[in-house]
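Coordinate inspection notes
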Amino acid sequence: MTTLPTRRLGELTVPGQGLGCMGMSHGYGSSDDEASTATINRALDLGVSLLDTSDFYGAGRNEELVGRAIAHRRDEVVLATKFGFANKLGEPTVIRGDAAYVRQACEASLRRLGTDHIDLYYQHRVDPQVPIEETVGAMAELVAEGKVRHLGLSEASAATLRRAHAVHPISALQSEWSLWTRDLEDEIAPVCRELGIGLVPFSPLGRGFLTGRYASVETLEETDARRNMPRFSGENFDRNLAIVQRLNELAERRGVTAGQLALAWVQHRGDDVVPIPGTRRQKYLEENVAALTLSLSDEEIAAIEAAAPRDRIAGARYDEGSLSFVNG
């Protein structure tokens, strides 16, 4: 197994890049468990030991896939999963953070993953009806019992992070962060750094858009959730594609891909930042890992940000309903 540069998420030491497993079973069209399993094992061979899943992805099937893939290599893995979505796929969103549900969800995840402990357990979205103190208090009980090692929150606000951290140390905040999603930079990231909470950006490649592989939304499968995301729709797609074309020009000068340049930009946000780009293909996994050691000068970072100005990204990252559960 290769050894990658490490970073800290609170008291948890992890490689500087993880692997998001969602798209292997959820959201991005058809699945291929055999190819996904091979990619997970290739990730471990490359030293990408932080694997990220959730009980919501594929209605639990993603946890089962990850569990099978790592069954013979569990001691090599920093296993992260999440709870919070209590609805089934296609149903109206229901978020639960009550103590009884926290325990119920954890026990079910442990069964699907085929393990006796979860290394990093996140609340997937904050329940607006339940005090965060109750949720994190229940998660802390799981730590005391040895079922969970470290705690995290996903898409939580700065105020929620402060309240949660006062109950039990929060190791990581998982939120979307990329060249086209930068809102957490204003208030949330500074609070994380004040409290010693690591940052785990999901979709650091803009759900694949920043790789430049998508010339039209029609190239996405009919069942791909991105077809319904504002940034992939109509004029927004074309305006955002112009940004990717500028990134491509910069990448060509450096001899890398646009995706590697965008991912390296995220990697350079700080020593407490551990992005988790997702892919089902070994080719793109290897491309992403190469970005971990791609050094950028201050001038290159400025050029990248000029090519993808924060205020020029067209469209919201979710529809209004999904946005209502962000930064809770």
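Computed from a predicted model, the values in this text were never measured in an experiment.

Comments concerning the overall build of the chain
Looking only at helices and strands, the chain features eleven helices and nine strands. A compact globule built from 328 residues should have a C-alpha radius of gyration of about 20 Å, and the chain, at 19 Å, falls within 12% of that. The principal-axis extents of the C-alpha atoms in the chain amount to approximately 55 × 40 × 40 Å. The 328 residues of the chain split such that 59% are buried. In the chain, the share of contacts with a sequence separation of at least 24, taken over all contacts with a separation of at least 6, comes to 76%. Put simply, the chain shows about 13500 Å² of open surface, and 48% of that area lies on carbon and sulfur atoms.

Quick word on the packing of aromatic side chains
What describes a pair of aromatic rings is the distance from one ring centre to the other and the angle between the planes of the rings. Counted according to the given criterion, the structure contains seven aromatic pairs. The interplanar angle of 75° and the centroid separation of 5.0 Å between the aromatic rings of F209 and F237 together place this pair among those described as edge-to-face. Taken together, the residues F209 in the loop between β9 (198-202) and α7 (234-254) and F237 in helix α7 connect sequence positions 28 residues apart. Each member of the pair, F209 as well as F237, carries the same accessibility label: buried.

Thoughts on the pattern of salt bridges
Under the counting rule described, the total for this entry stands at 25 salt bridges. One salt bridge in this structure joins D33 and R68, with 3.5 Å as the shortest N-O distance. Within this pair, whereas D33 is found in helix α1 (residues 33-45), its partner R68 is found in helix α2 (residues 61-70), the two being separated by 35 residues in sequence. The exposure class of R68 is exposed, given its relative accessible area of 52%.

Considering the side chain of N288
On the secondary structure map, N288 appears in helix α9 (residues 282-291). Excluding its chain neighbours within four sequence positions, the residues that come into contact with N288 are Q17, L205, L263, P277 and T279.

Examining the sheet that holds strand β7 (residues 148-154)
Strand order in this open sheet of seven strands is β3-β4-β5-β6-β7-β8-β9, and the pairing throughout is parallel. Either end of the sheet is taken by a strand with one partner, and the two such strands are β3 (19-20) and β9. Bridge count between strand β5 (residues 78-83) and strand β6 (residues 118-123): four bridges; the pairing is parallel. Within β6, the position partnered with T81 by the bridge is Y121.

Observations regarding helix α5 (residues 158-167)
Residues A158, T160, L161 and A164 constitute the buried set of α5. Take α5 and look down its axis: the buried residues cluster within an arc of 150°, on one side only. Summarising the geometry of α5, the exposed residues directed more than 90 degrees from the buried face are A159 and A166. Taken together, the buried residues of α5 touch α4 (132-144), β7, β8 (170-176) and α6 (188-195).

Considerations on the state of the cysteines
Two cysteines, two sulfur atoms, one covalent bond between them: this is a disulfide. A full pass over the atoms with the stated rule returns zero disulfides. Not engaged in a disulfide, the cysteine C21 finds its nearest cysteine sulfur in C106; these two sulfurs lie 18 Å apart.

Considering empty space enclosed by the protein
Per the stated rule, a full pass over the model turns up one cavity of 30 Å³ or more. Estimated volume of the largest cavity: approximately 40 Å³. L179, W180, F209, L210, N240, I243, V244, A308 and I313 together form the lining of the largest cavity. Per-class residue counts for the lining of the largest cavity are eight nonpolar, one polar and no charged.

Describing the packing of helix α8 (residues 258-267) against α9
Two elements in contact, α8 and α9, have axes separated by 8 Å at closest approach and are oriented at 45°. Overall, the two elements α8 and α9 adopt an arrangement that is oblique. For the pair α8 and α9, the crossing hand works out as right-handed. When α8 is examined against α9, the residues Q260, L263, A264 and Q267 are found in contact with a partner set consisting of E287, N288, A290 and A291. In terms of residue class, the contact of α8 with α9 is made up of four nonpolar, three polar and one charged.

Considering the nonpolar core
In this structure, L19, I40, L51 and L173 are the most contacted members of the largest nonpolar core, which totals 85 residues. Excluding residues that lie within four positions of it along the chain, L51 makes contacts with L19, C21, I40, L44, V66, I70, V77, V78, L79 and A80. Core analysis: the second largest hydrophobic core is formed by 15 residues, V14, V200, I276 and Y318 among them.

A word on the environment of R7
Assignment of secondary structure puts R7 in strand β1 (residues 6-9). When its relative accessible area of 16% is taken as the criterion, R7 is described as buried. The spatial distance from the C-alpha of R7 to the C-alpha of W265 is 16 Å, given a sequence separation of 258 residues. Excluding anything up to four places from it in sequence, R7 contacts L12, T13, V14, P15, G16, Q267, G270, D271, V273 and V274. Polar contacts involving the side chain of R7 include one to the main-chain carbonyl oxygen of Q267, which spans 3.0 Å. From its side chain, R7 meets the backbone oxygen of V273 in a polar contact 2.6 Å long.

Definitions and limits used
- Residues numbered from 1 in each chain as written.
- Predicted model: local features only at pLDDT ≥ 70, side-chain atom pairs only at ≥ 80, totals over all residues.
- Heavy atoms only, no water.
- Helix = DSSP H or I, 4+ residues; strand = E, 2+ residues; numbered from the N terminus.
- Rg over C-alpha atoms; globule rule 2.2 N^0.38 Å.
- Buried < 20%, exposed > 50% of the residue type's maximum accessible area, 1.4 Å probe, protein only.
- Contact = heavy atoms within 4.5 Å.
- Areas by Shrake-Rupley, 256 points an atom, 1.4 Å probe, with all protein chains shown as cover.
- Phe/Tyr/Trp six-rings, centres within 6.5 Å; stacked < 30°, edge-to-face > 60°.
- Salt bridge = Lys/Arg side-chain N within 4 Å of Asp/Glu carboxyl O.
- Pairing = 2+ DSSP bridges.
- Arc of directions from axis to C-beta.
- Disulfide = S-S within 2.5 Å.
- 1 Å grid on protein atoms, 1.4 Å probe; cavity = no way out; pocket = protein on both sides within 12 Å on 5 of 7 lines; lining within 4 Å.
- Points joined across faces, edges and corners; volume = space filled by probe spheres on them.
- Nonpolar A, V, L, I, M, F, W, Y, C, P; charged D, E, K, R; others polar.
- Axes fitted to C-alpha atoms, helices over the stretch in contact; angles between N-to-C directions.
- Parallel < 35°, antiparallel > 145°, perpendicular 65-115°, else oblique.
- Left-handed = near helix turned anticlockwise from the far one by under 90°.
- Core = buried A, V, L, I, M, F, W, Y, C linked by side-chain atoms within 4.5 Å.
- Polar contact = N/O pair within 3.5 Å; in protein donor to acceptor, adjacent residues only side chain to side chain.

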